[in-house]
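# Coordinate inspection notes
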Amino acid sequence: MSETAYPPVSQHLSDVEAAREEGRRKMDWALQHMPILNALREEFVDEQPLAGETVAMAMHVEAKTANLVELLAEGGAEVAITGCNPLSTHDDVSAALDAHGSITSYAVRGVDDEAYYDAMHACIAHGPTITVDDGMDMVKLVHEEYPELIDSIIGGAEETTTGVDRLRAMDADGELHYPVFAVNDTPMKQLFDNVHGTGESSLATIAMTTNLSWAGKNVVVGGYGQCGKGVAKKASGQNANVIVCEVDPRKALEAHMEGYEVLPMTEAAKKGDVFITTTGNRDVITREHFEEMNDGVLLANAGHFDVEVNLDHLDDLAVDRYEVRDGVEGFEMPDGRVLNVIAEGRLVNLAAPISLGHPVEVMDQSFGVQAVVVRELADNGDAYDAGVHDVPDELDREVADIKLAAEGVEYDELTDEQREYMGSWEHGT
């Protein structure tokens, strides 16, 4: 592997061996509950589908992700990885990955912006043939600063909604010069990760960080996409009163028909006890909303970047700001109200001090899709032109089949007659 100016995580830690041991313990626990990655590991070890490939990754470096990283390495790849959020890395897991002979991990928790990008440059210095992103920062960096690598990159994969949105904008401008699979948009990701994963992990993290109950609280959900639906559903299931804020009339109507109160954020700001943003867009909650909020509200973000809750506006309004408990910062308003921000407005289920991210079983499904997509690029990368691509449906179904088999669940298949009927326009009444 390449030598780079920015050192791997092992050179940042005082007790590397202890960190590696604890990181491996976390990875082993997660892997016990990841039947998809276990099944794929057997295949990858046996067939070595990634032999000769170099994979550069920018992901949330914690135990579940680490098992995907190790799977790719066990499948023959050389892997360089760093974080995709300064607060989501688990240093012990990062150290455990760095101990693998085919993996270099540059991910370190709590780095500043300069070190965050230094680590990403270090990954790219390995000369990737495949990129795997969560948020698209690595794809952007390759195109802006390493255009000479583009011809040797077969393709990439993008994990999350924000990253896919950025990629599609880049593609529309004619600036995306290698193929990237929109893993986020597959049914196996949308139906489970974004709904159950985001919903359960965001609410659990907020509850653990604050030691407060959901019952009877007014929970304002900013955005009613797949992630917002999950947050609303899970909050309602814990006896909260859910208010949805939307900009799309169809999604607002959908939330209304699901029984949620739908309000503009200016009105919701007056009623909410907890605010959770899930849009992927900026300035969902701003100065005009802070001015209307009640004393003691909780502000959390479940979108990828820390731009949904405008903390510059909040800081301008505040006469004081201070840590009220681990992972919670209080902003005191001139009239004495205190508005509480969790995890610095970053991705709450991964950036709060005790956060663990999505449940293991959920990420097993998403990372299973990532793994088969990387295998597809290694096998058939030449078949895809530059641009954003949907994951081939047969790959998504393959992952679902593995999961169902592991759960002992059987399901029906179409008969030949049913297939012919569904594929014909000639059958009438």
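Residues numbered from 1 in each chain as written. Predicted model: local features only at pLDDT ≥ 70, side-chain atom pairs only at ≥ 80, totals over all residues. Heavy atoms only, no water.

### A word on the sheet that holds strand E11 (residues 298–301)
Worth spelling out the cut-off: A strand pair is defined by DSSP finding two or more bridges across the two strands. Numbering of helices and strands starts at the N terminus; helices are DSSP runs of H or I of at least 4 residues and strands are runs of E of at least 2. Throughout, a residue-residue contact means that at least one pair of heavy atoms, one from each residue, lies within 4.5 Å. Helix axes use the C-alpha atoms of the stretch in contact, all axes being lines fitted to C-alpha atoms, and the angles between their N-to-C directions lie in the range 0 to 180 degrees.
Pairing in this open sheet of eight strands is mixed, and the strands run E9-E8-E7-E10-E11-E14-E13-E12 from one edge to the other. Edge strands, defined here as strands with exactly one partner in the open sheet, are strand E9 (261–262) and strand E12 (320–325). As paired strands, strand E7 (residues 218–222) and strand E10 (residues 274–277) are joined by four bridges and run parallel to one another. Along E10, the bridge assignment pairs valine 221 with isoleucine 276. Each of E7, strand E8 (241–245) and E10 touches helix H9 (residues 226–237); the most contacted strand, E7, lies at about 170 degrees to it.

### Considerations on helix H16 (residues 393–407)
Put simply, the rule reads: One less than the number of residues in a helix, times 1.5 Å, gives the span that helix is expected to have. Note on classification: 1.4 Å probe, protein chains only; a residue is buried when its accessible area is under 20% of the maximum for its type, exposed when over 50%, partly exposed between these limits. In this description, the arc belongs to the directions extending from the helix axis to the C-beta atoms.
Counted at 1.5 Å a residue, the expected span for H16 with its 15 residues is 21 Å, and the 21 Å between its end C-alpha atoms agrees. Taken together, the buried positions of H16 are occupied by Leu395, Asp396, Val399, Ile402 and Lys403. Buried residues of H16 fall within an arc of 120 degrees about the axis and therefore sit on the same side. Within H16, the exposed residues directed more than 90 degrees away from the buried face are Glu394, Arg397 and Ala405. For H16, the secondary structure elements touched by its buried residues are helix H2 (35–47), helix H8 (187–210) and helix H15 (360–380). Where H16 terminates, the next one or two residues include glycine 408, which has phi positive at roughly 70 degrees.

### Topic: the UniProt feature "binding site: substrate" (unreviewed entry) in the chain
Formally: UniProt positions are given in the numbering used here, feature names are shortened, and annotations may be inferred rather than shown by experiment.
Taken from the UniProt record, the annotation "binding site: substrate" (unreviewed entry) applies to Asp134, Glu159, Lys189 and Asp193. Sequence-wise these annotated residues cover 60 residues; spatially they are packed, their C-alpha atoms never more than 13.5 Å apart. Locating glutamate 159 in the fold gives a position in the loop between strand E5 (155–158) and helix H7 (161–172). Given a relative accessible area of 2%, glutamate 159 falls into the buried group. Not counting chain neighbours up to four residues away, the residues in contact with glutamate 159 comprise Asp133, Asp134, Val183, Asn184, Lys189, Asp193, Met363, Ser366, Phe367 and Gln370. Of note, aspartate 193 is situated in helix H8. By relative accessible area, which is 2% here, aspartate 193 ends up buried.

### So, the sheet that holds strand E1 (residues 54–59)
Here seven strands make up an open sheet; going across it, the order is E3-E2-E1-E4-E5-E6-E15 and the pairing parallel. Each having just a single partner strand, strand E3 (103–105) and strand E15 (387–389) make up the two edges of the open sheet. Within this sheet the neighbouring strands show an average axis-to-axis angle of 20 degrees, counted without direction. Sheet topology note: the strand E4 (residues 130–133)/E5 ladder contains four bridges and is parallel. If you follow aspartate 133 over to E5, its bridge partner there is glutamate 158. Relative to the sheet, helix H3 (residues 63–74) contacts E1, strand E2 (78–83) and E3, its axis offset from that of E1 by approximately 175 degrees. Set on the sheet, helix H6 (residues 137–145) makes contact with E1, E2 and E4; between it and E4 the angle comes to about 135 degrees.

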